[in-house]
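Structural features, examined
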Amino acid sequence: MKIAIIGGGSLGLLFSYYLSAKHEVHLFTRTQQQADLINTQGLQMIKLGDERTTHNVYAAPLHAWQGTEDMAIIAVKQYQLPDIMPILTAKTVGSLLFLQNGYGHIKMLKNLTSFPIFVGSVEHGAVRSSGNAVIHNGAGVTRAAVFQGSEILLRELSASLASEFPIIREEDYEGMLIKKLVVNSVINPLTAILNVKNGELIRNPYYKEIFEKLFEECAQVLELHNKEDYFENLLNVCEKTAENHSSMYKDLENGRKTEIDAILGYLLEEAARKNIKAPLIHNYFECIKGKEHEKEGA
């Protein structure tokens, strides 16, 4: 299968590395500099214990993308999607797979009506360490579901990667994304503000109390019916990624914009629409925005 991967961040590099073992992968980056680095030095995967392997992957800046692949995987942050959407609408790509956090991007996808669209939820831990290297610090799975159209290409992709980089097909895209949204809404802002690894949220009894109260508020806003299942999943993710730093923590550490608008911002919109008070969500949203403001002024 010919696959385009849009975005040279941690997920774009991670997917490019694993998918290139079975498919013809072209990676499209924001800058010519990053594309040149990947083309000359290869794409490096760093695993625990500093084990390094390199794959050769063709890379080019996004403006060179022709859109003729069987599938394009959109691996940019949700706040970058508005700039990407006009490019997507002009292409003839066979299908699109979106890998954004949050839920707000779903309304943007409704403007794309010409081809099959899939949405995914990534449960791997990955950090970009340089323009051509990614650290895979937490093996997991990718869950994906059909948003519109045929599932044929998603099924083919899933079957081809079953052993080393599993993509599990889900029936309900909404439930899948909401489950990930709950995880991101609790773990990401708390670890970023408290400056701790994920596992500390449940090891420290004082942090765990905040953890539980923030979850309760998210559950109320999202009107979760099987609340216990969502909380159990949240605990499991925290335990499995206990030694990892969340992506929001890393974004603030590196002076990058976070996805707080796509995560807690979406919940605040829902709370306002439903006339639900959400003081913790509001406070942590403002705390993260404040941290971003600090970095901008540094």
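First, a word on scope: everything that follows refers to the structure included in this document. (Residues numbered from 1 in each chain as written. Predicted model: local features only at pLDDT ≥ 70, side-chain atom pairs only at ≥ 80, totals over all residues. Heavy atoms only, no water.)

Let us look at the packing of helix 6 (residues 173-194) against helix 11 (residues 260-274). Taken N-terminus to C-terminus, the directions of helix 6 and helix 11 make an angle of 105 degrees; their axes are 10 Å apart at the nearest point. In this view, helix 6 runs roughly perpendicular relative to helix 11, as classed from their interaxial angle. The residues of helix 11 that touch helix 6, namely those facing L181, N184, S185, N188 and P189, are I260, A262, I263, L264, Y266 and L267. For the contact of helix 6 with helix 11, the residue count by class is eight nonpolar, three polar and no charged. (Axes fitted to C-alpha atoms, helices over the stretch in contact; angles between N-to-C directions. Helix = DSSP H or I, 4+ residues; strand = E, 2+ residues; numbered from the N terminus. Parallel < 35°, antiparallel > 145°, perpendicular 65-115°, else oblique. Contact = heavy atoms within 4.5 Å. Nonpolar A, V, L, I, M, F, W, Y, C, P; charged D, E, K, R; others polar.)

Spatial ordering of the open sheet is given by 5-2-1-6-7-8-11-12, a layout of eight strands whose pairing is mixed. Each having just a single partner strand, strand 5 (58-61) and strand 12 (167-170) make up the two edges of the open sheet. This sheet shows a mean twist of 25 degrees between the axes of neighbouring strands, independent of strand direction. As paired elements, strand 11 (residues 142-148) and strand 12 share four bridges and run parallel to each other. Within the sheet, the bridge partner assigned to R143 lies in strand 12 and is I168. (Pairing = 2+ DSSP bridges.)

The next subject is the packing of helix 6 against helix 8 (residues 205-222). Between helix 6 and helix 8, whose axes approach to 10 Å, the crossing angle comes to 145 degrees. Crossing handedness for the pair helix 6 and helix 8: right-handed. Judged by residue contacts, I178, L181, V182, S185, V186, I187, L190 and L194 of helix 6 engage Y207, I210, F211, L214, F215, C218 and L222 from helix 8. (Left-handed = near helix turned anticlockwise from the far one by under 90°.)

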